[in-house]
Amino acid sequence: MALGKLRLSSSILFGFLILQIFLSEYQMVRNPCHIERSFNPTYRKEGDLIIAGFLSLFVKVEIQVNKFFFTMSPFRIYALPMSMFKQYHHFLAFQYAVDEINKNPDLLPNTTLGYQLLNNFHLETLAVESSLIWLSGRGPIIPNYSCDKQSNSVAVIGGMSATLSMAMATILKLYKVPQISYGSFDLLLNDKVQYPYVYQMGKEQSALHLAFIQLMLHFDWTWIGLLLSDNLRGERFFQDLKEEMVRNNLCVTFKERVPQNFRDREDFDLFSRIISSSSNVIFIYGDADSLHELPTVFITFKPYGKLFITESSWDFFIDSNSEVFPIFHGTILFSYTKMEIPGFTDFVRSLNTSVDPKDIFRKSFWESAFHCRLSKKSDIEIFYPLCLKDLSIKDLPSMDNGMALMEPIPNVYNAVYLVAHALHQMLHSEVKEASDFARNLDLPWKLHHILKSINSVNNAINESHEDGAQSDAEIYDILNYKSFPDQIETLVKVGEVYPLAQRFTIKEEDIDWPEYFDQTPTSRCNLKCGPGFQKTALESQPNCCYACTPCPEGTISNQTDAEQCLQCSEDQYPNMERDHCLPRTRMFLAYEEPLGMTLACIAICFSLLTVLVLGVFLKHRDTPIVKANNRSLSYTLLVSLSLCFLCSLLFIGHPTTATCLLRQTTFAVVFTVAVSSILAKTITVVLAFRATKPGSRLHRWLGSTASYSLIVTCTLIQMCLCGIWLGTSPPFLEMDIHSEPGSIIIQCNEGSLLTFYCVLGYMALLALASFTVAFLARNLPDTFNEAKFLTFSMLVFCSVWISFLPSYQSSKGKAIVALEAFAILTSSAGILTCIFAPKCYVILLRSDRNTLEILKRKGAS
């Protein structure tokens, strides 16, 4: 697609008219060496040695011009004043460096350096033509023929782009002419087999991809698009960038290669994909030749809502007109840290209308920049007035905007110094040939071995300025392109990056973002996962696209985009939002809380009550009701019941290892004594009535010995079970953090549940046996029979513990401890009440019934 088919604005029309001065056909005269030719204009300043400068001042853009108004040259071109201003600095830097060298007595003494400047119009064909003109001398293009009797040309500085440099090299390498390319570094030009005499002043951007990665990480841009030049340079950059992006979990939305020549269909397909992409940030990388049509295409396909990031080798504001400026407003550029040329800015500011008439480049620039004519004979007098005498280049609005001082300008300056130092070194190494130095026809190719020994541009800079060694690390300035009304544009440094040292600084407050963004742009596949969520990979999606899932129970994430949730420490638990941990409260059945205090008071009171009952029984030990049913067993039962009440206190308070070991075993042994005492009393009642039969041998089992033997035997069995329990898997202290969220339950783990249930089962077996025997003996004569009370007490005991077991299994935390303590107290109180309350009632309140006569009378009735 032809670029633009642009309207002829006043500046373009003016530039076009200026170019007609240069673009007339050849004017032939008799002598071939004096052919007058202005199609490829040149300006020469004589000297002992001549350096050629193949520079570019105008931009080739096809336009539609009425053929009846203008005589067309073979190329349709125009000169945009802003572009001329930027590129004319290359000419000025060249001239300034030569003048500075000639004033330096220590560099090339007794030798004057001259130059010849040619304009190649950014066209490969004219770059080749310029090479032939320079090789032929002052005359026309005559291959293998020079119009100069003795050539004093030594080197060529030229090639703003790799394409121009390659076009020049096809001719210059045949004559082994040193060619210094001042454009950006290109891998193809680094091929010393194909381009053995080309030296590049541009620095290799080996770490640019790292600088871009650091910018992405700083702004958290994880989802970006890539527009790359369709050549080796673009492919090499993509491979380096892709590897680093994978390492940093960054993703590419799209990767498009920019064709050098657009077509309508390709325009639509390519830019529809760009505009419709979900990425808000697009990185553009490539050389000026590959991307020169891109800015004009953006006029038609406006990239709304997109932020461009590029690097300074693509000078998008040169190959475009003012319509493009707002489109690129806010663009971020990476540029090598700008080298300040001492005195160059003052030199440019000092330029005025007193122009050397032979310097056609300065004359053309001046008239185009100020829209005036320097003389009455100017070809554009019908349009513009004469220039004022007090005009200065510093009056241009773009003079102080920083747009001109881009990388090519220091490269041109350094290239001149590089050649000068090489000549100076060769002059001193060939002292014998010094007298013929300026007339040595083999001079150009002899420079090669000296140029090859200079490893980098910094060497030339250090020698010319004596600044000492400089760091070899790549340093990039981060620039922000800003466009204002009236075609004013500027580049503002907003930061810098040291990619290899991983140092990055940026002033976000100085950045003007594109007009579509009210704040710092975001470029992500999806929204960030907030605290309390973690990233979950999506099937067949890049790792930058993920789902946000809540943290599992017991975990938290206190940052955005957490890869996985974190477990809280044991003394903490997640809050409801699961974004931070809260301290857990320690839980146990404490004496200070109401439930613990109530249970402790009940235990102590019942224990004292039991002791009081024991005192009553001891005081009235000789009364019939106390002596009935073996009073020694009653004493044993009362003592064990008192201990049963007290052992519940082991379940209250802060658990320790000692209390965990004593808690269940003490309860088991003491309760076994109590239950076995009841069993002994029940068996005694049955045997007492059986022994009354004549000839019965059961009298010997009615004594205390048999009863205590039964108690001891039952207790020893329980103690053996407890010993096995403690010996194999004893209870231990544990911190339970899972039962209740937000709490650490300090409790005793029973160790072996099997042994624990065996202990309880053994007590249940004794209780069941006591209940069975007492139930069978309930109908015996009532005078000396307490079987009914024993039966009822065992019924209460069994009911309590049968209810306890399912409740024990379903409870958690301190509820289990309170439940077991309550079961102990309830069952003990039930035995105490059912067995001893009736007797105490008779002893204390109905003492008249506590006589042998009343009991005998009752028995007889």
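Owing to the predicted nature of the structure, the values given are computational and were not obtained by experimental measurement.

**What about the packing of helix H18 (residues 631-647) against helix H23 (residues 814-845)?**
- Closest axis-to-axis distance for the H18/H23 pair is 9 Å, and the angle between their directions is 155 degrees. With respect to H23, the element H18 is oriented roughly antiparallel. At the point where H18 passes H23, the crossing takes the left-handed sense. Across from Ser634, Leu637, Leu638, Leu641, Cys644, Phe645 and Cys647 in H18, the residues of H23 making contact are Ile824, Leu825, Ser828, Ala829, Ile831, Leu832, Ile835 and Phe836.
- Class assignment for the residues of the contact of H18 with H23 results in 13 nonpolar, 2 polar and no charged.

**Some remarks on the sheet that holds strand S10 (residues 307-311)**
- Ordered in space as S8-S7-S9-S10-S11-S12-S13-S14, the 8 strands form an open sheet in which the pairing is mixed. Looking at the sheet topology across the chains shown, the edges are occupied by strand S8 (251-258) and strand S14 (503-506). Taken pair by pair, the neighbouring strands of this sheet meet at an average axis angle of 25 degrees, ignoring direction.
- Where helix H5 (residues 208-219) meets the sheet, its contacts fall on strand S7 (223-229), strand S9 (281-285), S10, strand S11 (332-336), strand S12 (476-484), strand S13 (488-498) and S14, and the angle it forms with S14 comes to roughly 55 degrees.

**With respect to the pattern of salt bridges**
- Applying the stated rule across the entire model yields 18 salt bridges.
- For Glu235, the salt bridge is made with Arg257, and the minimal N-O distance between the two is 2.2 Å. Residue Glu235 is located in helix H6 (residues 232-247), and its partner Arg257 is located in strand S8; the two are separated by 22 residues in the primary sequence.
- As a salt-bridge pair, Lys535 and Glu563 come within 2.8 Å of each other at their nearest N and O atoms. One end of the pair, Lys535, is in strand S15 (residues 533-537); the other, Glu563, is in the loop between strand S17 (555-556) and strand S18 (566-567), and 28 residues separate them in sequence.
- Several salt bridges converge on common partners, so that one network encompasses Asp220, Arg524, Lys528 and Asp561.

**Brief notes about the nonpolar core**
- Grouped together as the largest cluster of nonpolar side chains are 59 residues, with contacts concentrated most on Phe617 and Phe836.
- At the level of elements, helix H16 (594-619), H18, helix H19 (657-690), helix H20 (704-728), helix H21 (753-776), helix H22 (787-810) and H23 are the ones that each hand at least two residues to this core.
- Each residue touching Phe617, except ones within four places of it in the same chain, is listed here: Val626, Ser634, Tyr635, Leu638, Phe836, Lys839, Cys840 and Ile843.
- Tyr96, Cys387, Ala420 and Met426 belong to the second-largest nonpolar core, a separate cluster that totals 57 residues.

**A word on the confidence of the model for the protein**
- Per-residue confidence for the protein averages 79 on the pLDDT scale, and 78% of its residues sit at or above 70.
- In the predicted structure, residues 1-39 sits below a pLDDT of 50 and forms 96 contacts with residues beyond four places in sequence or in another chain.
- Contacts for the low-pLDDT stretch residues 434-439, under 50 throughout, to residues beyond four places or in other chains number 11 contacts.

**What about H21?**
- The terminal C-alpha atoms of H21, which comprises 24 residues, lie 34 Å apart, in line with the 34 Å expected from a rise of 1.5 Å per residue.
- Restricting attention to buried positions, one finds in H21 the residues Thr755, Phe756, Val759, Leu760, Tyr762, Met763, Leu766, Ala767, Ser770 and Ala774.

**A few points about the side chain of Arg663**
- For Arg663, the position within the fold is in helix H19.
- It turns out Arg663 is buried and unbridged, and the closest side chain with the opposite charge, Glu750, is 5.6 Å from it.
- There is a polar contact of 3.3 Å between the side chain of Arg663 and the backbone oxygen of Leu650.
- Beyond its immediate stretch of four places on either side in the chain, Arg663 contacts Leu650, Phe651, Pro655, Cys748 and Val817.

Conventions used here
- Residues numbered from 1 in each chain as written.
- Predicted model: local features only at pLDDT ≥ 70, side-chain atom pairs only at ≥ 80, totals over all residues.
- Heavy atoms only, no water.
- Axes fitted to C-alpha atoms, helices over the stretch in contact; angles between N-to-C directions.
- Helix = DSSP H or I, 4+ residues; strand = E, 2+ residues; numbered from the N terminus.
- Parallel < 35°, antiparallel > 145°, perpendicular 65-115°, else oblique.
- Left-handed = near helix turned anticlockwise from the far one by under 90°.
- Contact = heavy atoms within 4.5 Å.
- Nonpolar A, V, L, I, M, F, W, Y, C, P; charged D, E, K, R; others polar.
- Pairing = 2+ DSSP bridges.
- Salt bridge = Lys/Arg side-chain N within 4 Å of Asp/Glu carboxyl O.
- Core = buried A, V, L, I, M, F, W, Y, C linked by side-chain atoms within 4.5 Å.
- Buried < 20%, exposed > 50% of the residue type's maximum accessible area, 1.4 Å probe, protein only.
- pLDDT = per-residue confidence, 0-100.
- Expected span 1.5 Å × (residues − 1).
- Lys, Arg positive; Asp, Glu negative; His and termini not counted.
- Polar contact = N/O pair within 3.5 Å; in protein donor to acceptor, adjacent residues only side chain to side chain.

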